[in-house]
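# Report on the structure
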Amino acid sequence: MIGKLKGMVDSFADDSVLIDCGGVCYETFCSSRTLQALPRVGEAAVVFIETIVREDMIRLYGFSSEAEKAWFNLLMTVQGVGARVALAILSALSPSEISSAIALQDKAMMGRASGVGPKLAIRLVTELKGKVPSTGVIDAGVLGLQSALGEGLASSAITDAVSALTNLGYSSAQASAALARIVAREGDDTPTEKLIRLGLRELSS
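Here's a quick rundown of the structure. Keep in mind that this is a model prediction, so the values were computed, not measured.

This paragraph deals with the nonpolar core. Counting 31 residues, the largest nonpolar core has Phe72, Leu75, Ile89, Ile98, Met110 and Leu124 as its most contacted members. Within the residue set of this core, elements represented by two or more residues are strand E4 (44-54), strand E5 (57-63), helix H2 (66-75), helix H3 (83-92), helix H4 (95-103), helix H5 (107-110) and helix H6 (118-127). With 7 residues, the top contributor of residues to this core is H3. Residues in contact with phenylalanine 72, not counting those within four places in the same chain, are Glu50, Ile52, Tyr61, Phe63, Ala83, Ala86, Leu87 and Leu90.

Okay, structure coming up:
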């Protein structure tokens, strides 16, 4: 089974890349994030591979990191998510953003992916709660705050600060990560106004 390809980028298509490994070109389907992260044609590339074998086809899926590959497999454990939808989610969200969306039970963030409607977004954040891959673990303090927010256990000051920062254009993941770092320094009893002020400073640095 192919686990990784090391070779030269031969050419790109809309949803795939050809990797030339010693004269044999492997067609590898990728998320748009992976395609954008790959080097230019003629340059060396390393792609992590998941091989899917069916009666009528063998298809390679490529990823820029092991975390992305791990999320691809985990996303497909949810009913209604096949390879195409999993790649669409990975195109719209980074592994850390997927982790945050699940921890925060943020259906809107998950719904940014093409092909993910409201019902599927709910299923994704519900069924994958607590199932972050080992390669995609984010900072324990950040994950703890995100879990508290998702479960309604965070203080009103923190939830109000997250809401204020998201209203200013930051994602829930960015806001909660910044506030987790601030709470670790300043304490759980920091008032909302100070959290927002320090959050903006953290996010703009």
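Here we come to the packing of aromatic side chains. Under the definition given, this model contains 3 aromatic pairs. Seen in terms of ring centroids, phenylalanine 29 and tyrosine 61 are 6.2 Å apart; in terms of plane orientation they differ by 45°. Their pairing is tilted. Of this pair, phenylalanine 29 sits in strand E3 (residues 24-30) while tyrosine 61 sits in strand E5, and the two are 32 residues apart along the sequence. Owing to a relative accessible area of 12%, phenylalanine 29 belongs among the buried residues under this scheme. Ring centres 5.2 Å apart and planes at 35° place the aromatic pair tyrosine 61 and phenylalanine 72 in the tilted group. Placement of the pair is tyrosine 61 in strand E5 and phenylalanine 72 in helix H2, with a sequence separation of 11 residues. Both residues of the pair, tyrosine 61 and phenylalanine 72, count as buried. Ring-pair connections join several aromatic residues into one group, and the members of that group are Phe29, Tyr61, Phe63 and Phe72. The ring of phenylalanine 29 carries arginine 59 above its face, with NZ or CZ at 4.2 Å from the centroid.

Reading the values: rules and limits
Residues numbered from 1 in each chain as written. Predicted model: local features only at pLDDT ≥ 70, side-chain atom pairs only at ≥ 80, totals over all residues. Heavy atoms only, no water. Core = buried A, V, L, I, M, F, W, Y, C linked by side-chain atoms within 4.5 Å. Buried < 20%, exposed > 50% of the residue type's maximum accessible area, 1.4 Å probe, protein only. Helix = DSSP H or I, 4+ residues; strand = E, 2+ residues; numbered from the N terminus. Contact = heavy atoms within 4.5 Å. Phe/Tyr/Trp six-rings, centres within 6.5 Å; stacked < 30°, edge-to-face > 60°. Lys NZ or Arg CZ within 6 Å of the ring centre and 35° of its normal.

In short, geometric facts, not functional conclusions.
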